[in-house]
Amino acid sequence: RCVQPRPLPGLLSRGRAGFQHPWRGRREASDSGEDDVPPAAADVAGGAHLLGFSDEILLHILSHVPSIDLVLNVRHTCRKLAALCLDKSLVHTVLLQKDYQASEDKVKQLVKEIGQEIQQLNMAGCYWLSGSTIEHVARCRGLVKVNLSGCHLTSLRLSKVLSALQHLRSLAIDVSPGFDASQLSSECKATLSRVRELKQTLFTPSYGVVPCCASLQKLLLYFEILDRTREGAVLSGQLMVGQSNVPHYQNLRVFYARLAPGYINQEVVRLYLAVLSDRTPENLHAFLISVPGSFAESGATKNLLDSMARNVALDALQLPKSWLNGSSLLQHMKFNNPFYFSFSRCTLSGGHLIQRVINGGKDLRSLASLNLSGCVHCLSPDSLLRKAEDAIDSSILETLVAACCNLRHLNLSAAHHHSAEGPGGHLCQLLARLRHLRSLSLPVCSVADAAAWADRVPVQPVMRAVPRGFGKKVRIGVQTCPSPFLGQAAPQPSSVFWSLLKNLPFLEHLELIGSNFSSAMPRNEPAIRNSLPPCSRAQNVGDSEVAAIGQLAFLRHLTLAQLPGILTGSGLVSIGLQCQQLQSLSLANLGMMGKVVYMPALSDMLKHCRRLKDLRLEQPYFSANAQFFQALSQCSSLQRLCLVSRSGSLQPEAVLAFMARCPHVVVCHMFTGESLATCKNLQQSLLRSFQAERPALNVVIFPLLHEGLTDVIRDVPMVHLDEITLFKSRVAEEPPNLWW
């Protein structure tokens with residue numbers, strides 16, 4: 001793996017002011033052309049001048065500058081940069097996704113300047129742009145690939161845009177209530193007939209534009225339909241009257257469907273699958289259906305699976321758990337150099353995993369991503385009578401590691417994978433052999449040292465009262481035996497978890513999630529008031545193990561959830577100091593539940609997180625006070641904040657001051673124990689103060705346990721709801737490079 005070059009300090013500034021002129025203190029470009037010549041080295045403090053680099057290096061640097069800054073600011077700096085900024089390698093692909101400073105006027109000007117040169121345009125999640133601005137995409141007549149997911153598009157506007165894009169081959173859109181395929185013009189349908197890749201997010205029961213796409217090779221469907229309207233009316237899965245119900249699947253190579261909770265999403269996806277069951281595409285290579293909860297198998301789906309087992313060889317597979325549990329389907333499926341498997345929440349035993357999936361340990365070097373989250377028996381023998389405290393069979397994991405030696409993404413969360421005492425058989429020691437891993441999700445109890453657990457004398461917790469606020473008391477369990485990590489903040493080189501991370505130096509995404517953890521804020525349901533206690537082995541994972549994460553110099557995304565062994569949170573400081581690439585941080589239920597013990601350490605950590613963009617914090621009784629927001633305001637790159645705290649509190653003045661100090665923050669979601677009036681007043685104050693200068697600003701302040709929470713959540717833009725507001729494991733959630 002190539003190590004990414006360090007950014008050149010002082011050369012480029014990607015803040016709100018855009019590009020800073022590299023010739024600090026010099027005059028603007030003049031007609032004489034003198035500014036095309038880089039100044040002498042003596043004139044530039046700190047070494048070589050930016051324009052002294054070769055064009056190849058400059059193009060690489062400029063590729064990291066947002067497209068709008070590049071075209072509207074950097075290009076006007078000098079003549080050399082003016083030419084480089086219009087290089088085909090920079091303007092053929094324009095990424096506006098998460099460019100929260102992309103205002104209506106800037107997007108229109110960008111399209112005017114380079115619209116004819118753009119071949120790939122990603123505007124996913126640009127919810128703040130109006131439909132009239134999105135219409136300007138029609139001027140990019142050379143577009144081959146465009147992503148408009150999350151953008152405001154009516155049927156008529158979609159028709160106008162697509163009618164002008166004759167070269168389009170890849171399209172991503174939303175299908176919202178009111179969509180009418182009969183409003184699509186003949187020119188629009190002609191464009192759709194040539195589209196080979198379609199990603200469609202459905203917010204209403206509909207086929208969308210699928211029946212118009214006669215050349216489809218890749219179809220991605222995201223079902224986000226709610227069972228009830230705002231008025232309480234129950235929606236039906238009956239598709240829109242008069243719309244064709246014959247999707248063209250004959251050339252399909254990839255079929256992917258991800259369903260949000262709700263019966264109506266299951267009802268609609270069955271209509272999409274019905275056509276597949278009649279005739280399975282001969283070139284189908286990937287078949288993936290992600291469904292939360294149960295999804296009953298029907299006669300049509302049985303016919304589809306039987307046909308797939310007979311006629312196709314797959315590269316990627318994910319099926320609902322009810323289709324696999326107790327079935328011999330995997331035994332008959334054929335695979336051809338598979339790169340992705342997901343058996344999330346299936347009752348797949350270790351024996352079946354070895355025999356039916358990896359064929360007794362045969363070479364599976366092609367497998368890049370494996371999701372076994374919630375598979376409680378996948379590392380154990382065939383017995384289904386296994387208890388949570390029973391140890392895994394290390395030989396099963398050893399076979400898996402040997403066969404899938406090139407794994408890059410592995411998810412083993414939501415299960416109790418306990419290792420027995422003995423040399424070389426610990427889960428961490430076996431996973432350390434997977435040197436290509438880039439993302440890893442593990443249950444907290446799986447990284448505990450087996451020897452430390454065996455030596456531990458079980459002691460019943462005693463109940464003590466911890467004072468909170470004005471004499472209010474919360475009953476919590478406090479262990480009477482001393483923690484083995486008391487007073488230790490530095491990682492212990494002898495621990496198996498420390499050794500695991502030492503052998504995976506290029507890990508970019510790490511999740512440690514308690515086996516029994518469930519977020520207080522689930523999807524489309526009221527907030528959860530009670531949670532299951534953590535696994536007893538998780539008590540042995542504390543500050544020392546968290547400090548070991550500091551070894552990961554390339555870590556970008558970190559999730560820590562339900563770690564009861566945290567005493568002071570001192571390990572967080574090590575992460576802040578050493579993991580300088582960290583961009584996304586999610587912390588939930590650290591330490592004992594009745595008291596937030598890690599606030600000082602978290603404040604120290606945040607001072608060092610200069611590149612942190614997303615912070616999600618879920619902790620009961622959390623006090624979002626001035627001290628917290630003062631520390632958070634030092635995260636100069638922060639863009640999104642989500643706070644979930646049952647019985648938690650916040651200080652409105654501190655929130656307002658924080659938003660004023662952090663001009664890049666565009667998402668502020670807070671769900672606490674404050675009153676509805678306090679939340680509404682703060683939300684209105686934030687919108688009134690900052691909406692004008694931050695077009696993408698999305699603020700939701702609401703009581704966590706309020707009955708109206710579900711209705712409030714439905715208005716959150718999908719890009720934020722899916723990525724930060726709701727908690728979930730994201731490792732191996734989808735096949736790598738599924739879209740864009």
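Residues numbered from 1 in each chain as written. Predicted model: local features only at pLDDT ≥ 70, side-chain atom pairs only at ≥ 80, totals over all residues. Heavy atoms only, no water.

As recorded by an unreviewed UniProt entry, the protein chain carries the name F-box and leucine rich repeat protein 18 and is attributed to Ictidomys tridecemlineatus.

Before going further, it helps to examine empty space enclosed by the protein. A complete count under the given rule lists five cavities of 30 Å³ or more for this structure. Its volume calculated, the largest cavity comes out at about 90 Å³. Forming the boundary of the largest cavity are 15 residues, of which Ala-520, Asn-589, Glu-618, Pro-620 and Arg-646 lie nearest the centre. Taken together, the residues of the lining of the largest cavity break down into six nonpolar, seven polar and two charged. What the second largest cavity holds in volume is close to 70 Å³. Ile-289, Ser-290, Val-291, Gly-293, Gln-318, Leu-319, Pro-320, Lys-321, Ser-344 and Arg-345 are the residues that line the second largest cavity. Of the residues assigned to the lining of the second largest cavity, the class counts are four nonpolar, four polar and two charged. (1 Å grid on protein atoms, 1.4 Å probe; cavity = no way out; pocket = protein on both sides within 12 Å on 5 of 7 lines; lining within 4 Å. Points joined across faces, edges and corners; volume = space filled by probe spheres on them. Nonpolar A, V, L, I, M, F, W, Y, C, P; charged D, E, K, R; others polar.)

Attention shifts here to the packing of aromatic side chains. Evaluation of the coordinates by the stated rule reveals 15 aromatic pairs. Centre to centre, the rings of Phe-628 and Phe-629 are 5.0 Å apart; their planes meet at 65°, and the pair counts as edge-to-face. Grouping residues by exposure puts Phe-628 and Phe-629 together as buried. Counting every residue linked through ring pairs, the aromatic cluster contains Phe-622, Phe-628, Phe-629 and Phe-658. The aromatic ring of Trp-739 is capped on one face by Lys-145, whose charged end is 5.5 Å from the ring centroid. For Lys-199, the ring lying beneath its charged end belongs to Tyr-222, and the centroid distance is 5.0 Å. (Phe/Tyr/Trp six-rings, centres within 6.5 Å; stacked < 30°, edge-to-face > 60°. Buried < 20%, exposed > 50% of the residue type's maximum accessible area, 1.4 Å probe, protein only. Lys NZ or Arg CZ within 6 Å of the ring centre and 35° of its normal.)

For the coordinates displayed, the defined rule picks out 19 salt bridges. Taking the shortest distance from any N to any O, the salt bridge between Asp-604 and Lys-607 comes out at 3.6 Å. On the accessibility criterion, Asp-604 (34% relative accessible area) is partly exposed. We classify Lys-607 as partly exposed; its relative accessible area is 34%. The salt bridge partner of Arg-640 is Asp-614, with a shortest N-O separation of 2.8 Å. Residue Arg-640 is found in strand β21 (residues 640-644), and its partner Asp-614 is found in strand β19 (residues 614-618); the two are separated by 26 residues along the sequence. Relative accessible area serves as the criterion here: at 2%, Arg-640 is assigned to the buried category. Look at the salt bridges and you will find they share partners, linking Glu-224, Arg-258, Arg-523, Asp-722, Lys-728, Glu-733 and Glu-734 into a network. (Salt bridge = Lys/Arg side-chain N within 4 Å of Asp/Glu carboxyl O. Helix = DSSP H or I, 4+ residues; strand = E, 2+ residues; numbered from the N terminus.)

With that out of the way, let us pick up the packing of helix α19 (residues 570-578) against helix α20 (residues 599-606). Close contact between α19 and α20 brings their axes to 8 Å; oriented N to C, the two are set at 5°. On the basis of the axis angle, α19 is roughly parallel to α20. Counting all contacts with α19, which are made through Ser-570, Leu-572, Val-573, Ile-575 and Gly-576, the residues of α20 involved are Ala-601, Leu-602, Asp-604 and Met-605. Of the residues belonging to the contact of α19 with α20, the class tally is six nonpolar, two polar and one charged. (Axes fitted to C-alpha atoms, helices over the stretch in contact; angles between N-to-C directions. Parallel < 35°, antiparallel > 145°, perpendicular 65-115°, else oblique. Contact = heavy atoms within 4.5 Å.)

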